[in-house]
Amino acid sequence: MAEQDNSSTTASGAEDHYEVDPRKLLALHPRDAEIIFTSQSSYGSSLTADFRENVKALNQVYSAVQRYLQGIYRRPDVFYPQLQDIFKDLQMHKRAISDKIPMPTEEQLQKQCINLAAQNPPFIHVLRELSVSGNNSFTFVSLYVAPTEKHDDKVIVGYRSTIENSMKVLRDRIRRGELGIDYALAFGRVSAASELPVTFGRVDTEMKKIYINEKSFSSITQADLAHLRRVNQEIYKRLYKPLLLQGIKERIFLSISCEDIRKLDFAGSDRVFDIVLFNNAEAIKDRFAALANFLK
């Protein structure tokens, strides 16, 4: 996935004028968000059509995120809401005000959160944190964050915290040898080289589970896909790449350069990426032993 800088916004443009520069906060300040929610005709010229069509429902979701971040209904020691936290808050809020807008399903709510994160500038950000309960496989959970009145650097701190927490999980798994990689089984059950899962067990492949997969939705529109691409671009830049580089720096990942292969300049050589493996001697031996057995 190509890196794309989404930090530039219309804050410096001639049409939209924000009280607080969202480029510094990575997202809209709550005061600017409130203005946009109440007056889209005057502000937020870059808002997508589906945002404008669902502005009231999106405002309720944004407010639920804000309430959690400000400590209302927050779970102990869980600083950023997950989807179920937003759902619970939204449900209570709707009952309290006798709101006539139906509750969204969890899938619809997730799309609404992604919609908020995909605007330019974004209202919220989606953090993808490596789960401690993922057993031997890589499992990422979605957390949601936005600047608040009291802490306008909430998004920046959120990304830093997510990287630190994910790295801790990675270190613990490497230390305990909980890699869950059976190379002999994966490479031994194929009969042709074209079927060989050569990326199986590679860190760069496992880490791609950090992205939100469109296939996790039962239905998806072109607008949803556009929002998802934008959010995943942010995840690549602010989480996937920093985690990969930090793991290599700390030597819990081993990076094997494929630059010599890329220089051969054959069709597709530019798509030959460096191989990043878990820096575990036994796992690396198992990988190459399984490959050697297959070649025999």
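Quantities reported herein were computed from a predicted structural model and do not represent experimental measurements. (Residues numbered from 1 in each chain as written. Predicted model: local features only at pLDDT ≥ 70, side-chain atom pairs only at ≥ 80, totals over all residues. Heavy atoms only, no water.)

What follows covers the overall build of the protein. The secondary structure content of the protein amounts to twelve helices and four strands. In terms of principal-axis extent, the alpha carbons of the protein reach across some 70 × 45 × 35 Å. Taking all 296 residues of the protein together, the buried fraction comes to 46%. Relative to all contacts within the protein whose residues are 6 or more apart in sequence, the contacts with residues 24 or more apart total 63%. (Helix = DSSP H or I, 4+ residues; strand = E, 2+ residues; numbered from the N terminus. Buried < 20%, exposed > 50% of the residue type's maximum accessible area, 1.4 Å probe, protein only. Contact = heavy atoms within 4.5 Å.)

Regions with low pLDDT carry predicted coordinates that are not meant to be interpreted in detail. Looking at the protein, pLDDT values average 89 and 92% of them are 70 or higher. Ranking the elements of the protein by mean pLDDT puts helix α9 (residues 203–206) last with 88 and helix α6 (residues 106–118) first with 98. In this model residues 1–15 is a low-confidence stretch, pLDDT under 50, and it forms 35 contacts with partners more than four residues away in sequence or in other chains. (pLDDT = per-residue confidence, 0-100.)

Bringing the nonpolar core into the picture now. Membership of the largest hydrophobic core comes to 64 residues, with the highest contact counts inside it found for F37, L116, F123 and I124. The contacts of L116, once residues within four sequence positions are left out, are F37, F51, L58, V61, Y62, P122, F123 and I124. Within the second largest apolar cluster, seven residues are counted, among which are A186, F187, V190 and L291. (Core = buried A, V, L, I, M, F, W, Y, C linked by side-chain atoms within 4.5 Å.)

Summarising burial for strand β1 (residues 125–130): six of the six residues are buried, a large majority. Burial along β1 is two-sided: H125, L127 and E129 facing one way and V126, R128 and L130 facing the other are all buried. Both β1 and strand β2 (residues 140–145) contribute to a ladder of six bridges, which runs antiparallel. Bridge assignment links H125 to a residue of β2, and that residue is V145. (Pairing = 2+ DSSP bridges.)

With that settled, the discussion passes to the side chain of K154. Summarising the element assignment, K154 is placed in helix α7 (residues 154–176). One buried charged residue, K154, forms no salt bridge at all, with the nearest opposite charge on D153 at 7.2 Å. Leave out the neighbours within four places in its chain, and K154 touches L69, Y80, V145, A146, P147 and T148. (Lys, Arg positive; Asp, Glu negative; His and termini not counted. Salt bridge = Lys/Arg side-chain N within 4 Å of Asp/Glu carboxyl O.)

A word on the pattern of salt bridges. Inspection of the entire model under this criterion finds 18 salt bridges. Note that D204 is salt-bridged to R202, the shortest N-O span being 2.8 Å. In terms of burial, D204 and R202 fall into one category: buried. Here the residues in one salt-bridge network are E19, R31 and E149, joined through shared partners.

Quick look at the packing of aromatic side chains now. Evaluation of the coordinates by the stated rule reveals twelve aromatic pairs. Here a set of aromatic residues connected by ring pairs shows up, and it is made of F37, F51, Y62 and F123. Sitting above the plane of the Y159 ring, R238 keeps its charged end 6.0 Å from the centroid. (Phe/Tyr/Trp six-rings, centres within 6.5 Å; stacked < 30°, edge-to-face > 60°. Lys NZ or Arg CZ within 6 Å of the ring centre and 35° of its normal.)

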